[in-house]
Amino acid sequence: MNHALAEVFKEDKARRNVNFGIGDTIKVHYRILESGKERIQVYEGVVIAMHNKQNDKTMTVRRVSYDVGVERIFPVFSPRIAKIELTRKGHVRRAKLYFLRERSGKSARIKEMRGGQAVVQAERKKQTEASKQAAAAPVEAPEAAA
């Protein structure tokens, strides 16, 4: 692989260092372009699958909306993703949770991991500190072309 590409992917991975996995409930803040304007839409659901192909890592997030199951596949390293926020840590024993597609109600719930709330609080604290540092960093002004 090209050295320049490797550097870009290395920076991108450092930017997307979020502690989530299969069975976790997350909020994906996704940038959407509509009629020339950009807005952020929040998609909250359970991660039912992760596909790891080097830098093409994707996650499948499932939620139930108006009694209909909806799944979306998000590329983890996409520039369209503004933020990934961890809501709950789930305790699961499988790598793919496709069995949730046939279930509804109480049987479709995932138990919370023991000590999961502490992990979620630590993750939120880490994200707020990172955002404060990003806001405090001086913004470089573009040089005027003469």
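This report concerns the structure included in the present document. Model, not experiment: these values are computed from the prediction.

Our next topic: the overall build of the protein. Helix and strand counts for the protein come out as two helices and five strands. Element order for the protein, N to C, with α for helix and β for strand: α-β-β-β-β-β-α. Looking at the protein as a whole, 29% of its 146 residues are labelled buried. When contacts within the protein are restricted to residue pairs at least 6 apart in sequence, those whose partners lie at least 24 apart make up 54%. Carbon and sulfur atoms form 52% of the exposed surface of the protein, whose accessible area is close to 10600 Å².

Phi is positive for S35, close to 45 degrees, though the residue is something other than glycine. Here S35 shows up in the loop between β1 (25–34) and β2 (37–51). Phi at D67 is positive, roughly 65 degrees, even though this residue is not glycine. Here D67 is to be found in the loop between β3 (58–65) and β4 (68–75).

Right, let's talk about the sheet that holds β4 for a bit. Overall, antiparallel pairing links the five strands, which are arranged β4-β3-β2-β1-β5 in an open sheet. Looking at which strands have only one partner, the edges of the open sheet turn out to be β4 and β5 (81–88). Neighbour-to-neighbour, the strand axes of the sheet open up by a mean angle of 40 degrees, direction not taken into account. The sheet contact formed by β3 and β4 spans eight bridges and is antiparallel. Residue pairing in the sheet places R63 in a bridge with V70 of β4.

In terms of nonpolar packing, the biggest core is built from 17 residues, with F20, I26, M59, F74 and I81 touching the most fellow members. Those elements giving two or more residues to this core turn out to be β1, β2, β3 and β5. The leading source of residues in this core is β1, at four residues. With six residues, the next largest nonpolar core counts I48, A49, L97 and L100 among its residues.

Let us now look at helix α2 (residues 116–136). Here α2 spans 30 Å end to end across 21 residues, near enough to the 30 Å set by a 1.5 Å rise per residue. Taken together, the buried positions of α2 are occupied by G116, V120 and E123. Here the buried residues of α2 occupy an arc of 65 degrees about the axis, which is enough to place them on one side. Among the exposed residues of α2, those pointing more than 90 degrees away from its buried face are A118, K125, K132, Q133 and A136. Considering only its buried residues, α2 is in contact with β5.

Let us now look at the pairing of β3. Regular strands place side chains that alternate from one sheet face to the opposite one. As paired elements, β2 and β3 share five bridges and run antiparallel to each other. From the neighbouring strand, V46 faces β3, where its bridge partner is R62. Here β2 folds back onto β3, and the loop between the two strands holds six residues, one of which, Q54, carries a positive phi near 45 degrees. Remark: two residues form the turn of the hairpin made by β3 and β4, two consecutive strands paired antiparallel; Y66 in that turn has positive phi of roughly 55 degrees.

Another aspect to go through is the pattern of salt bridges. A complete count under the given rule lists eight salt bridges for this structure. A salt bridge links E38 to R31, with the nearest nitrogen and oxygen atoms 3.5 Å apart. Salt bridges linked by common partners bring R62, E71 and R101 together as one network.

Looking at the secondary structure, you find A108 in the loop between β5 and α2. The residues touching A108, leaving out its near neighbours within four places in the chain, are L100 and R103.

What counts and what doesn't
Residues numbered from 1 in each chain as written. Predicted model: local features only at pLDDT ≥ 70, side-chain atom pairs only at ≥ 80, totals over all residues. Heavy atoms only, no water. Helix = DSSP H or I, 4+ residues; strand = E, 2+ residues; numbered from the N terminus. Buried < 20%, exposed > 50% of the residue type's maximum accessible area, 1.4 Å probe, protein only. Contact = heavy atoms within 4.5 Å. Areas by Shrake-Rupley, 256 points an atom, 1.4 Å probe, with all protein chains shown as cover. Pairing = 2+ DSSP bridges. Axes fitted to C-alpha atoms, helices over the stretch in contact; angles between N-to-C directions. Core = buried A, V, L, I, M, F, W, Y, C linked by side-chain atoms within 4.5 Å. Expected span 1.5 Å × (residues − 1). Arc of directions from axis to C-beta. Salt bridge = Lys/Arg side-chain N within 4 Å of Asp/Glu carboxyl O.

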